[in-house]
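# A look at the structure
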Amino acid sequence: MSQKQTVYAIVGPTASGKSALALSLAKRLDGEIISCDSMQIYKEMDIGTAKATEGEQAAVPHHMIDVVSPLESFSVEAY
C-alpha cells in the first residue's frame, strides 16, 4: 500500500521568486523540485533561463532540467 504524497505547484510571473520559494520549501519538507519551465528543459541554454545553480541542485534534487538538446524537438506531450 502506497502513501499519498502532497504535490505543491508554485506558479507566478517571471522573476517573482518562485525558484527561491521552491528551494526553501523543498529543503524544509525534504522534497524535490520538478521544473516545468519551457526553456530549462534544454541543455546548454543557461543564459536567460535562471536555472538552479549547481549548489542549489546539489542541496535539493531537481528534475527536468537539461534533459534534451536544443536541436531536438520537444513538446508538452513528450514532457
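Below, the structure is looked at part by part.

What counts as what
Residues numbered from 1 in each chain as written. Predicted model: local features only at pLDDT ≥ 70, side-chain atom pairs only at ≥ 80, totals over all residues. Heavy atoms only, no water. Helix = DSSP H or I, 4+ residues; strand = E, 2+ residues; numbered from the N terminus. Polar contact = N/O pair within 3.5 Å; in protein donor to acceptor, adjacent residues only side chain to side chain. Core = buried A, V, L, I, M, F, W, Y, C linked by side-chain atoms within 4.5 Å. Buried < 20%, exposed > 50% of the residue type's maximum accessible area, 1.4 Å probe, protein only. Contact = heavy atoms within 4.5 Å. Expected span 1.5 Å × (residues − 1). Arc of directions from axis to C-beta.

## A look at the environment of D37
- Here D37 lies in the loop between β1 (33-34) and α2 (54-59).
- When the C-alpha positions of D37 and K51 are compared, they lie 9.3 Å apart, and in sequence the two are 14 residues distant.
- At a separation of 2.7 Å, a polar atom in the side chain of D37 contacts the main-chain amide nitrogen of M39.

## Some thoughts on the nonpolar core
- Judged by nonpolar contacts, A22, L23, A26, I33 and V60 together constitute the single largest core of five residues.
- Considering every element that reaches this core, the biggest residue donor is helix α1 (residues 18-29), with three residues.
- Those residues in contact with A26 that sit more than four places away from it in its chain are G31, E32, I33 and V60.

## Considerations on unusual backbone geometry
- Even without being a glycine, D30 presents a positive backbone phi close to 55°.
- Position of D30 relative to the elements: it lies in the loop between α1 and β1.
- Here E44, not a glycine, exhibits a phi torsion of approximately 65°, which is positive.
- Position of E44 among the secondary structure elements: in the loop between β1 and α2.

## Quick notes on α1
- Helix length check: α1, at twelve residues, gives a terminal C-alpha distance of 16 Å against a target of 16 Å (1.5 Å per residue), a fit within 8%.
- Listed in full, the buried residues belonging to α1 are A22, L23 and A26. Projected down its long axis, α1 shows its buried positions confined to an angular sector of 100°, all on one face. Facing away from the buried surface of α1 by more than 90 degrees, the exposed residues are A20 and R28.
- Buried residues belonging to α1 abut β1, α2 and β2 (62-63).

Functional significance is not addressed by these values, which are geometric in nature.
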